[in-house]
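The residues making up each chain are set out below.
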Amino acid sequence: MNIGASTQIHLLPGQYTSSTSSQNLRNALTSSSSALTSSPGINNVSTPLSLPVNIQLAPGIATYTGPSYSGRSTFTSVPSLPVSNNSTPLNAESIAISPGTWAIVKADSDRFVIWDSVPSVSQLPIGASASLSLSDLQSSSCSSPCAGSSVCNASGTCQCPQGFTGSSCESCAPGFFGPKCQSCPENCSKCDDGINGSGQCLEPTIKNPPLSCNCLNGVCGSDGQCTCNPGFTKADNGTSCAKCSSGFFLSTTGNCQVCQLGCAQCADGTAGCTQCLPGFSQDPNDRTKCNPPAQVTNSGTNCPEGSFSNGGSCQACDSTCQSCKGGTSNDCVLCASGRYALNGACVSANADGVCDGSNLIADNNKHKCDSCPAKCTSCKIPSFTVASTVNDLQCTGCLPGSFLSKGQCVEKCPDGTFVSPTDNLTCTPCDSSCGTCVGSSNFCLTCSNNQLASNGKCVSSCPSSTFSSNNACITCHPDCATCSGGAFNQCKSCPPERPVLVGGRCLPTCSKNQFFDTTTSSCQSCDGSCSSCSGAGPTRCLACSGPTSILRSGSCVPANCKDNAPVVPGLGVCLSNLASSSSPTTPSGPNPTGTGGQTTINTIRRPLEWWQILLMALGCAFIVLVVIWLCRRRANKKRAKRTAMLAAQQKVHGKWCFKWGILPDSVKLMKLRAAEEARPISHPYEYKHAPEPEPKSVSEREDENESRRSRSSEERDRVFLVPDGEEDMVKLIGSYQRSQPRTPRYSTYSHHSHHVTVDDTRSMSDASVHSTLSMYSQVTGERHRGPDPRQPVKKDLKSRFSASTLSSYYHFKRSPDRR
């Protein structure tokens, strides 16, 4: 484990909880920046890293170059095949083994079984200079021990190699033979198989047998078509080459033979002719024959043999004919000596009696070419002459699946012969010493003269590792040294690599708390202080049974661990020897939990993933939006509160009055303006001269002016009471109120002696130009002829008009005659 950037803690198999004595280890295990790195051989490491942390060694063995599981480590898993008789050197100072696993270790000539971890090889009861080697490694979880051909895996089943079968992998599958269950030879469909078999081929592989293409007496071609032997044709049931062709009959031996001379069709079995050739008549004395017509001239003269009648006289037959019905070679009734009828012609035969141009055999009795036996693809008559008969016929080729034995095609070679491996066809005689043989003439399966066949030889008694059965010596099961039968549970004695004889079986080990006693060839119990041992007594312990004991020179002694530290279960070493508060500086020094490390915890800060960064950014954006929304909500509440206070102080009643900023005194003024606007006008937007008023005296005009001045002063001195800081708001509302477009109305202004009626109502565009009265209008009493510049609303909301200007505006606008 890296603490910061440099410290590592190597964890050995076990469980690490909050009660772990090392504070540094607890801090590292609970640190958020710790990273767990597994080494080969480690299973079931708890992830994510949180207490408790379970670290388990996979089924197998780990060796360390230093004591107390320190130094460089090497892991070996439980193999899929046995390692018996294949010793592997162990260069180790300490050994850790997974629970439920045992290993057979040899120390020179000594053999012992390790069931528990060994913190120091030097403390085992072996010689100091002994070299260690691993000879077997298996799981102990199988309910029934596996045979020597397999190993027990962690799931509790025997793992069988190829060719083996059975619950304990104790026998060979069909087609496999021998102690290693090898496959039968090539081109062999059946061999002497089984775990006790020799592997010799008993039946060669048949290529393209007739039945592969629904054929009986023919040869299957590469195209799947059947070629029938001569005399055979397709049967009514669809099977090819299953009945005899026309002109042939089925004999009692199962062969199709040709009918007699002159017979076109004959009966199966009896060969009786059922149909004669045209002009022939059935022989009354021999029902198998049909006689040819007599050759008589027109004058009634019988022509002699070798001639025929042409009507008026007799003429000689062709030289190929002995008798004929015409002058050509195709008109022969009986062929001449040395010739045989075939398809209407007379042909000769070779020295083997085979008719020319065919694979038929010459028959001197029928004077015809006849077919070979049904299972023969070819045949001959050795040293053929005109005196030879078909009884001398011999097959020279057989259909696939048949074997050639003494000139006949048979389904199986007779006893005393074997199928020659050179052609897989010919049955060859065995040696005289063999009753039966296989593969070669001198490899005996059984022997004559009451001898026993043993591994192909004939012996008088069975050798060691074999037993007698059916006049042969059968090899014992490979797990046994001697046996009473061929099964793996019929052992009488055991080989050195499987020395324990229990219930007829040879096993590699005794139970965990037992050892094998070579003097009695039996399992004996270990001393009470030992959980496993290599011999009798308290000084032959391989591991200790007590929770507070450790191994010293083969004996279990009190641990006396430093700081009262416990003995680590399953490791047999004090925790104080594995844990320290200081960090390691070299691989060989003590680590907080030992070195050699099957698992490493690294406390390094890992960079954030992209999705973590995205979630953090989205969270921050959401928080900012919430804060802005809360601030605006608070500002709206404050603004509403101030507006309510303003309404209360101005005593404005009703939403419409407050909305347009109309104060109580302004309401009266608006009513007056409405009355003025209701008066009719002559024409809008037009200046008119008012009717000439009657002349007034000087005193009247002075009284009128004085009244006007007092009224303007009264309106100018009127003060609106508003809250502090809201004066500009009232002015701004009033300013916008005055700038709104109104209905057309006209006012008459008096200037000196002229009365002018002015349209005071402006359109929207006009209102934007002349929004308020100018200083010129207020001083002179006349409208300004040009547009008034609009002043922008400033931040401090201060208007260029005062409250007095507002009242003066209304006073100035009223004409003198409308008070």
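Residues numbered from 1 in each chain as written. Predicted model: local features only at pLDDT ≥ 70, side-chain atom pairs only at ≥ 80, totals over all residues. Heavy atoms only, no water.

Draft legend 1. Summary view of the UniProt feature "domain: EGF-like" (unreviewed entry) in the chain. As annotated by UniProt and renumbered to match this structure, "domain: EGF-like" (unreviewed entry) occupies residues 138-170. Annotation note: span residues 138-170, helix share 0%, strand share 24%, distance between end C-alpha atoms 17 Å. (UniProt positions renumbered as here; feature names shortened; annotations may be inferred. Helix = DSSP H or I, 4+ residues; strand = E, 2+ residues; numbered from the N terminus.)

Draft legend 2. Highlighting the UniProt feature "transmembrane region" (unreviewed entry) in the chain. Under the UniProt annotation, "transmembrane region" (unreviewed entry) lies at residues 610-631. Helix makes up 100% of residues 610-631 and strand 0%, and the two end C-alpha atoms of the span are 32 Å apart.

Draft legend 3. Examining the pattern of salt bridges more closely. For the structure on display, the rule yields four salt bridges. A salt bridge links Asp 116 to Lys 512; the nearest nitrogen and oxygen atoms lie 3.2 Å apart. Remark: Lys 512 occurs in the loop between strand S54 (505-507) and strand S55 (514-517) and Asp 116 occurs in the loop between strand S11 (110-114) and strand S12 (132-139); sequence separation between them is 396 residues. Using a relative accessible area of 35% as the deciding quantity, one classes Lys 512 as partly exposed. With its nearest N and O atoms 4.0 Å apart, the salt bridge here joins Arg 498 to Asp 479. Within this pair, whereas Arg 498 is found in the loop between strand S52 (491-493) and strand S53 (500-502), its partner Asp 479 is found in the loop between strand S50 (472-475) and strand S51 (482-483), the two being separated by 19 residues in sequence. (Salt bridge = Lys/Arg side-chain N within 4 Å of Asp/Glu carboxyl O. Buried < 20%, exposed > 50% of the residue type's maximum accessible area, 1.4 Å probe, protein only.)

Draft legend 4. Just the confidence of the model for the chain, in detail. Mean pLDDT for the chain: 78, with 71% of residues reaching 70 or above. Every residue in residues 652-669 is under pLDDT 50, and counting partners more than four places away or in other chains gives 24 contacts. In the model, residues 735-772 has pLDDT below 50 throughout and makes 96 contacts with residues more than four positions away in sequence or in other chains. (pLDDT = per-residue confidence, 0-100. Contact = heavy atoms within 4.5 Å.)

Draft legend 5. Quick look at the sheet that holds S11. Read from one edge to the other, the open sheet built from four strands follows the order S8-S12-S10-S11, with strand pairing classed as antiparallel. Looking at which strands have only one partner, the edges of the open sheet turn out to be strand S8 (88-90) and S11. Strand-to-strand twist in this sheet, taken as the mean axis angle between neighbours without regard to direction, amounts to 35°. Across three bridges, S8 lies against S12 in antiparallel orientation. Counted as the bridge partner of Pro 89 is Ser 133 from S12. (Pairing = 2+ DSSP bridges. Axes fitted to C-alpha atoms, helices over the stretch in contact; angles between N-to-C directions.)

Draft legend 6. Molecular detail of the packing of aromatic side chains. Across all of its chains, the model carries two aromatic pairs by this definition. Relative to Tyr 69, the ring of Tyr 64 has its centre 5.7 Å away and its plane inclined at 80°; by these criteria the two rings are edge-to-face. Considered together, Tyr 64 and Tyr 69 belong to a single accessibility category, that of buried residues. (Phe/Tyr/Trp six-rings, centres within 6.5 Å; stacked < 30°, edge-to-face > 60°.)

Draft legend 7. Seen up close, the environment of Pro 174. Looking at where Pro 174 falls in the secondary structure, it is placed in the loop between strand S16 (171-172) and strand S17 (176-177). Pro 174 sits 21 residues away from Ile 195 along the chain, and the two C-alpha atoms are 9.9 Å apart.

Draft legend 8. Here's a closer look at the sheet that holds strand S49 (residues 466-469). Pairing within the open sheet is mixed, and its four strands lie in the order S48-S47-S50-S49. A single partner strand is all that each edge strand has here, and the edge strands are strand S48 (457-459) and S49. The average angle at which neighbouring strand axes cross in this sheet is 40°, direction not considered. Pairing between strand S47 (residues 452-454) and S48: three bridges, direction antiparallel. When the sheet's bridge partners are listed, Leu 452 is paired in S48 with Val 459.

Draft legend 9. Region of the structure containing the state of the cysteines. Scanning all chains against the criterion turns up 34 disulfides. Across a sulfur-sulfur distance of 1.9 Å, Cys 146 and Cys 158 are joined as a disulfide pair. Its S-S torsion of about -95° marks the bond between Cys 146 and Cys 158 as left-handed, since a negative value means left-handed. Pair noted here: Cys 146 is in the loop between S12 and strand S13 (151-152) and Cys 158 is in strand S14 (residues 158-159), with a separation of twelve residues, a long-range link. A single burial state applies to Cys 146 and to Cys 158, both of which are buried. Across the disulfide from Cys 276 sits Cys 290; the S-S distance is 1.8 Å. Sign of the S-S torsion, about -65° for the bond between Cys 276 and Cys 290, identifies this disulfide as left-handed. (Disulfide = S-S within 2.5 Å.)

Draft legend 10. Examining the nonpolar core more closely. Core analysis: the biggest nonpolar cluster contains 27 residues, and Ile 95, Val 105, Phe 112, Ile 114, Leu 124 and Leu 132 have the highest contact counts within it. For this core, the secondary-structure elements that each account for two or more residues are strand S9 (94-97), strand S10 (101-107), S11, S12, strand S57 (530-533) and strand S58 (541-544). Once residues lying within four places of it in the same chain are set aside, the contact partners of Ile 95 are Ile 61, Ala 62, Thr 63, Tyr 69, Ile 114, Ser 117, Val 118 and Val 121. Grouped together as the second largest cluster of nonpolar side chains are 26 residues, Leu 25, Leu 57, Tyr 69 and Cys 561 included. (Core = buried A, V, L, I, M, F, W, Y, C linked by side-chain atoms within 4.5 Å.)

Draft legend 11. The arrangement of the side chain of Asp 370 in detail. Along the chain, Asp 370 turns up in strand S38 (residues 368-370). Reaching out from Asp 370, the side chain makes a polar contact with the backbone nitrogen of Val 258 at a distance of 2.9 Å. Those residues in contact with Asp 370 that lie beyond four places of it in its chain are Phe 248, Gln 257, Val 258, Leu 360, Ile 361 and Asp 363. (Polar contact = N/O pair within 3.5 Å; in protein donor to acceptor, adjacent residues only side chain to side chain.)

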